[in-house]
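Listed here are the chains, written in short residue letters.
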Amino acid sequence: MTTTTRRPRSRRQRAIDPVTFEILRNSFMNAVELMAQQFRMTCHSFVIYAKDFSCSLADAEGNPVAQGDQDIAVHIGTHHLVCQSVMEAFGDDIHPGDVFVTNDPYSGGTHFNDVRVLRPIFVEDHLIAWATANGHWSDVGGLVPGSFDVKAREHFGEGLRIPPLRVWSRGILQQDVVGFIVGNTRAPQDNASDLNAQAEATRVCEREVLRLVGRYGRNVVTQAFQEVIDHASGLLQARVAELPDGTWTTSDFLDGDPSLGEGLVPVTVSLTIDGDRLRYDLTGSGPAVSTFMNSTYGSTLSGLLAGTKHFFPEVPVNAGLYRAIEVELGPPGTVVNAAWPTAVSGFVSGVFEKLVNALFELWSQILPERSMACSFNLEYLLVGGRDMRTRDRDIFMWYDWNVGGWGARNGRDGATAASPLFGANFAAQPVEGQERLNPVVTTHHRIVQDSGGPGEFRGGCGVAKGVQLADSAATVMSYCCDRERSVPWGINGGLPSTPQGLWLNPDSPERRYLGAIFSNEELVSGDVFSRASAGGGGYGDPLDRITALVLEDVIDGYVSVERAAKDYGVVVIETNVTESGGAERWAVDVEATARLRSDIRAERRRWLEVDAETVARRYRMGEVDTLDCLRQYGVILDWGSGELLARTTEQNRELMQRRAAEHWNDLPLETGGAA
């Protein structure tokens, strides 16, 4: 590919002096942060308290000026679309004291659980801004508790679709509208309380904006809105102009479409740089799938923006970021551009995180100093029924997610037990709070050994969590996470991490593997379910990892002695020498390590060509395990039955050849080995 470098555009002239600009730019951010703090401190739902929310301040046309530092990434590309849908619905019929609500994913939103509350901000009779508070309601109706119906083909089974509605009119609450909305959910009291908390949070933002207007004047504040947006756009364009021109393309994958049999479904992204222009094209992505893992325009845009922002952390998140990027989604009806009434609630575990990881791979080729392998996938577990601990047998809905491993980076191991890419500031929910609010008892919550993808730099480790259902009735479980088959991958020679999935009663004769995506599974009191999040993919050839680092991982419990040998070619032995504290000491057998690494180098390319059915048979006989299948042979199975997934394996091996085998070193590094 021929590449050139172009000069960045000259900086735009500002009408506001630099000091006032910086004061107002930071004041806008502060207004949003105060709004977010108010929302979190007054919300009723445990889910929102665990930071599944976002806030924004936009100008009179709905263009975001500032978004919160604590916002989850999945909302960043949707605030302006939702705001504009409200303006289109109400036109000139918008007044001081009005507050609107909507959750429509087909009008720029994400999924039905993400309910947006928007307040127009007026100075006298002039609309100058909008404040938005968006929170994930634990239930919005539909066929299953928590409103996550994996089997939904159309949105009608996913819950209540709320078009733009006015819930406060000139400051007066429309109780009938609120009653209609929350009356169609399983948690009416929680949702009504959260709605009020969201409205009051937007009032805090309004107060701060009006305080700034009182100090600087309306014209200065509104001019600052535009200059803050232009500032972000100019920053990104200047950074892009410094980079080589060209086009790069890759795909990440959904695990499959049940209606079509096994086989990975592509989420394909082409990235083009032309001067200071940045363009994404998704037209190579697969058709919409028969589950709820599809994505609408707003959610897809968020994935692209979030992935871009990881590589340009200095660029503020506002409408300027959006304006500096061109996006081509291709025709409606694809997995990245789902049209009404396609089911879309599972996009969070589907298209969104695949887009972010695909962009990681693309930008890693352009900005290798910031490169990063694939990270674990967001997963959602929803259990709902009747809480028999209470006198009135109250409805409960337990909504949980796991932390996991991020991909290894150039020069550094991946983060362990980190929040998902979906929201880097997502909080792990305290199990004490979960047990108090729901009839569940946590049996274990621990880091998973060997879950980090091997590489010269290791992927972060995932986390296993087990729960026993206590005294309950009429209880069902739903789960979605993906990455059971499209396992988090490594780059530049790195190996994959581990598959995700859930086991029911794993330590009993009735143990069942339920997989990575299901809904409405019936439970009874005493049932135990356990699932583990994946780790991140590895970066670089694992045989080039410094042996001292492998030894340290073994001592810390991140890597087992067995996988140290199989994945890194490092032979770790016990020395049978004790220190004063009595701890056993471990050491690397240097000569055995050199021999083993040489043997692996000679054989590993051939392993990717071994008959896949033979590997599957050996798995069923217990001769090889899951990690052997993935990391040595590139074979993907039904991890419960051991059945070979032939088409998926073929696709996975092609990807491993490109991401791993092509980058393996046939000879050891002079400074590697037993260092």
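Position labels on residues start from 1 in each chain and follow its written sequence. Predicted model: local features are reported for residues with pLDDT of at least 70 only, side-chain atom pairs are reported and counted for 80 or more only, and whole-chain, interface and lining totals are derived from all residues. Only hydrogens and water are set aside; all other atoms, that is, all heavy atoms of the structure, feed into the side-chain values.

Asker: Which parts of the structure should I look at to understand the overall build of the protein chain?
Answerer: The secondary structure listing takes helices from DSSP runs of H or I that are at least 4 residues long and strands from runs of E that are at least 2 residues long, numbered from the N terminus. On a plain count of helices and strands, the protein chain comes out with 16 helices and 22 strands. Here the globule rule reads 2.2 Å times residues to the power 0.38, and the radius of gyration is calculated from C-alpha atoms. Against the 2.2 N^0.38 benchmark of 26 Å for 675 residues, the protein chain shows a C-alpha radius of gyration of 26 Å, consistent with a compact globule. In terms of its C-alpha atoms, the protein chain occupies a principal-axis envelope of roughly 80 × 70 × 60 Å. Within the protein chain, the fraction of its 675 residues that count as buried is 60%. Three exposure classes are used, based on accessible area relative to the maximum for each residue type with a 1.4 Å probe and protein chains only: buried under 20%, partly exposed in between, and exposed over 50%.

Asker: What exactly am I supposed to notice about helix 7 (residues 297-311) here?
Answerer: The periodicity of an α-helix, 3.6 residues per turn, causes residues three or four positions apart to be oriented the same way. For a helix, the expected span equals 1.5 Å multiplied by the number of residues minus one. The end-to-end C-alpha separation of helix 7 is 22 Å, in line with the 21 Å expected for 15 residues at 1.5 Å each. For helix 7, a buried count of twelve out of 15 residues is recorded, marking the element as mostly surrounded by other parts of the structure. Along helix 7, the positions that sit buried rather than exposed are Gly298, Ser299, Thr300, Leu301, Ser302, Gly303, Leu304, Leu305, Ala306, Gly307, Thr308 and Phe311. Buried residues belonging to helix 7 abut helix 3 (79-90), strand 9 (262-274), strand 10 (277-281), helix 8 (319-323), strand 11 (325-328) and helix 9 (351-366). Contacts are residue-level and defined by heavy atoms, with any inter-residue pair within 4.5 Å sufficient.

Asker: Help me understand the pattern of salt bridges, please; the structure alone is not making it clear to me.
Answerer: Any two side chains of opposite charge can pair, so long as their charged atoms come close to each other. For this analysis, a salt bridge means a side-chain nitrogen from Lys or Arg found within 4 Å of a carboxyl oxygen belonging to Asp or Glu. Within this structure, the stated rule accounts for 41 salt bridges. For Asp139, the salt bridge is made with Arg186, and the minimal N-O distance between the two is 2.9 Å. A residue pair is termed long-range when its members are at least 10 positions apart, and Asp139 in the loop between strand 5 (126-136) and strand 6 (165-169) and Arg186 in the loop between helix 4 (175-182) and helix 5 (188-216) qualify at 47 residues. Judged by its relative accessible area of 0%, Asp139 is buried. A salt bridge links Arg239 to Glu314, with the shortest nitrogen-to-oxygen separation between them at 3.0 Å. In this pair, Arg239 sits in helix 6 (residues 218-241) while Glu314 sits in the loop between helix 7 and helix 8, placing the two residues 75 residues apart along the sequence. Via salt bridges that share partners, Glu562, Arg563, Lys566, Asp567, Asp625, Asp628 and Arg631 belong to a single interconnected network.

Asker: What should I look at first to understand the packing of aromatic side chains in this one?
Answerer: Aromatic ring pairs are described here by two measures, namely the spacing of the ring centres and the angle between the planes. Each aromatic pair joins two rings of Phe, Tyr and Trp (for Trp, the six-membered one) with centres within 6.5 Å, and gets the label stacked for planes under 30 degrees apart, edge-to-face for over 60, and tilted for any other angle. What the rule picks out here adds up to 19 aromatic pairs. An angle of 55° between the planes, with centres 4.9 Å apart, marks the rings of Phe28 and Phe225 as tilted. In this pair, Phe28 sits in helix 1 (residues 18-42) while Phe225 sits in helix 6, placing the two residues 197 residues apart along the sequence. Look at Phe28 and you get buried, because its relative accessible area is 1%. Relative to Tyr399, the ring of Tyr380 has its centre 4.9 Å away and its plane inclined at 50°; by these criteria the two rings are tilted. Of the two residues, Tyr380 sits in strand 12 (residues 380-387) while Tyr399 sits in strand 13 (residues 395-401), which places them 19 residues apart along the sequence. Of the two residues, Tyr380 and Tyr399, neither departs from the other in class, the shared state being buried. Among the aromatic side chains, those forming a connected cluster through ring pairs are Phe148, Phe292, Tyr380, Tyr399 and Trp401. The rule is short: NZ of Lys or CZ of Arg within 6 Å of the ring centre and within 35 degrees of the ring normal puts a charge over the ring. In this structure, Arg511 is placed above the aromatic ring of Trp503, and the distance from its NZ or CZ to the ring centre is 4.1 Å.

Asker: Would you take a moment to explain helix 3 for this structure?
Answerer: Under the 1.5 Å per step criterion, the end-to-end length of helix 3 is 17 Å for twelve residues, consistent within 8% with the ideal 16 Å. Extensive coverage of helix 3 is indicated by the burial of nine of its twelve residues. When helix 3 is considered as a whole, its buried residues turn out to be His79, His80, Leu81, Val82, Cys83, Ser85, Val86, Met87 and Phe90.

Asker: Sorry, what's going on with the nonpolar core here?
Answerer: Soluble, globular proteins show a tendency: their nonpolar side chains are buried together. Put simply, buried Ala, Val, Leu, Ile, Met, Phe, Trp, Tyr and Cys residues joined by side-chain atoms within 4.5 Å make one nonpolar core. By size, the foremost hydrophobic cluster in this structure holds 123 residues, and its most contacted members are Phe28, Tyr280, Trp363 and Tyr380. Not counting chain neighbours up to four residues away, the residues in contact with Tyr280 comprise Val269, Ser270, Leu271, Leu304, Thr308, Ile325, Glu326, Val327, Glu328, Leu359 and Trp363. One finds Ala612, Leu637, Trp639 and Leu644 within the second-largest nonpolar core, a separate group that totals 20 residues.

Asker: Please explain the packing of helix 12 (residues 561-568) against helix 15 (residues 626-633) as it appears in this structure.
Answerer: To describe two helices that pack against each other, one gives the angle between their axes and the distance between the axes. Simply put, an axis is a line fit to the C-alpha atoms, just over the touching stretch for a helix, and the angle between two N-to-C directions goes from 0 to 180 degrees. Direction vectors running N to C along helix 12 and helix 15 enclose 20°, while the axes themselves pass 11 Å from each other. Considered as vectors, helix 12 and helix 15 are oriented roughly parallel to each other. The chirality of how helix 12 crosses helix 15 is right-handed. Residues Arg563, Lys566 and Asp567 of helix 12 touch helix 15, and the partners they reach there are Leu627, Asp628, Arg631 and Gln632. By definition in this entry, angles of less than 35 degrees are roughly parallel, angles greater than 145 are roughly antiparallel, angles of 65 to 115 are roughly perpendicular, and the rest are oblique. The handedness criterion is simple: a crossing whose near helix is rotated anticlockwise from the far helix by less than a right angle is left-handed, and one whose near helix is rotated clockwise is right-handed.

This is a description of form; function is not addressed.
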